[in-house]
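Secondary and tertiary structure notes
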Amino acid sequence: MTNIFDDYNAFKKENSLLIRNLVETKSQIISRISSIIIVVDYLSERRIHKKLNQDEEYIFMIGYDYVYESFNTISIILKEYFDNDFNQMNKYARTINLLLYLNEYKNEAIARKELSIYLNQFESIESHIYDTLKNKEELDDAYFGLVDDLIYKAFILNGIDNPSIESIFYEISLEYNLDTDTDESMYLKILNTLIEEKR
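Structure report, in brief.

**Comments concerning the overall build of the chain**
A count of helices and strands for the chain gives 11 helices and 0 strands. Along the chain, helices (α) and strands (β) appear in the sequence α-α-α-α-α-α-α-α-α-α-α when read from the amino end. Out of the 199 residues in the chain, the part that is buried amounts to 47%. Partitioning the contacts of the chain with sequence separation of at least 6, the portion at a separation of at least 24 is 76%. Accessible surface for the chain amounts to roughly 11,000 Å². Of this, 46% is attributable to carbon and sulfur atoms.

**Observations regarding the pattern of salt bridges**
In the structure shown here, the tally under the stated rule is 9 salt bridges. Here Arg94 ties to Asp141 by a salt bridge, and the two come within 3.1 Å at their closest N and O atoms. One end of the pair, Arg94, is in helix α7 (residues 93-111); the other, Asp141, is in the loop between α8 (119-134) and α9 (142-154), and 47 residues separate them in sequence. Using a relative accessible area of 47% as the deciding quantity, one classes Arg94 as partly exposed. Glu108 is the salt-bridge partner of Arg112, the closest N and O atoms lying 2.9 Å from each other. Within the structure, one salt-bridge network assembled from shared partners comprises Arg32, Glu104 and Glu166.

**Things to note about the packing of α7 against α9**
The interhelical angle for the contact between α7 and α9, taken along N-to-C directions, is 15 degrees, at an axis separation of 11 Å. In terms of orientation, α7 lies roughly parallel with respect to α9. The chirality of how α7 crosses α9 is left-handed. Only Tyr143, Phe144, Val147, Asp148 and Ile151 of α9 make contact with α7, whose side of the interface consists of Arg94, Leu98, Tyr101, Leu102 and Tyr105. Class assignment of the residues belonging to the contact of α7 with α9 gives a composition of 8 nonpolar, no polar and 2 charged.

**With respect to the nonpolar core**
Judged by nonpolar contacts, the single largest core of 62 residues is most densely connected at Phe71, Met89, Phe122 and Leu133. If one sorts the elements of this core by residue count, helix α5 (residues 54-82) sits on top with 11 residues. Here Leu133 is in contact with Ile77, Tyr81, Phe82, Tyr92, Thr95, Ile96 and Leu99, once residues within four sequence places are set aside.

Calculation notes
- Residues numbered from 1 in each chain as written.
- Predicted model: local features only at pLDDT ≥ 70, side-chain atom pairs only at ≥ 80, totals over all residues.
- Heavy atoms only, no water.
- Helix = DSSP H or I, 4+ residues; strand = E, 2+ residues; numbered from the N terminus.
- Buried < 20%, exposed > 50% of the residue type's maximum accessible area, 1.4 Å probe, protein only.
- Contact = heavy atoms within 4.5 Å.
- Areas by Shrake-Rupley, 256 points an atom, 1.4 Å probe, with all protein chains shown as cover.
- Salt bridge = Lys/Arg side-chain N within 4 Å of Asp/Glu carboxyl O.
- Axes fitted to C-alpha atoms, helices over the stretch in contact; angles between N-to-C directions.
- Parallel < 35°, antiparallel > 145°, perpendicular 65-115°, else oblique.
- Left-handed = near helix turned anticlockwise from the far one by under 90°.
- Nonpolar A, V, L, I, M, F, W, Y, C, P; charged D, E, K, R; others polar.
- Core = buried A, V, L, I, M, F, W, Y, C linked by side-chain atoms within 4.5 Å.

The following block contains the structure:
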């Protein structure tokens, strides 16, 4: 597990400017994945003092994978669609969060052969969201309902209980007594982690 922890620390250093800007502007984008970042940070720090058990290693890997993919998507959007203008990108935080949410379930559908019949619908909505961001337009509210309906049809109606990773990691953060109940405490935790790493 040593390599993946080193990879995570390198990832945070490489993306420190993006993370800091999202935190300092209190972007809704970072708030969506805050619990995941906080739990992964906690486990990364904890393993220095105490060996993680198998479940904790698995939690770390799942969380890191999600954070990595999310920030990769955010970085591409920031660079290609908003010319590295954080404030401009933040205006579309709600749309970007829907894209991250959609991608989470699309990736799960890709991993399940029985859900392959829904991939075209996931990809069609995804493509429309990207076009909307590229054109700097507001996404029609109907798409938020379309995403929920598609997830319900693909997962719930097929008997697949698949809660979002955001909700899962929020529950894990409560088990570890990590304070993520307010936006302020959440932003401070993420920012303090960046500050500590630079010392």
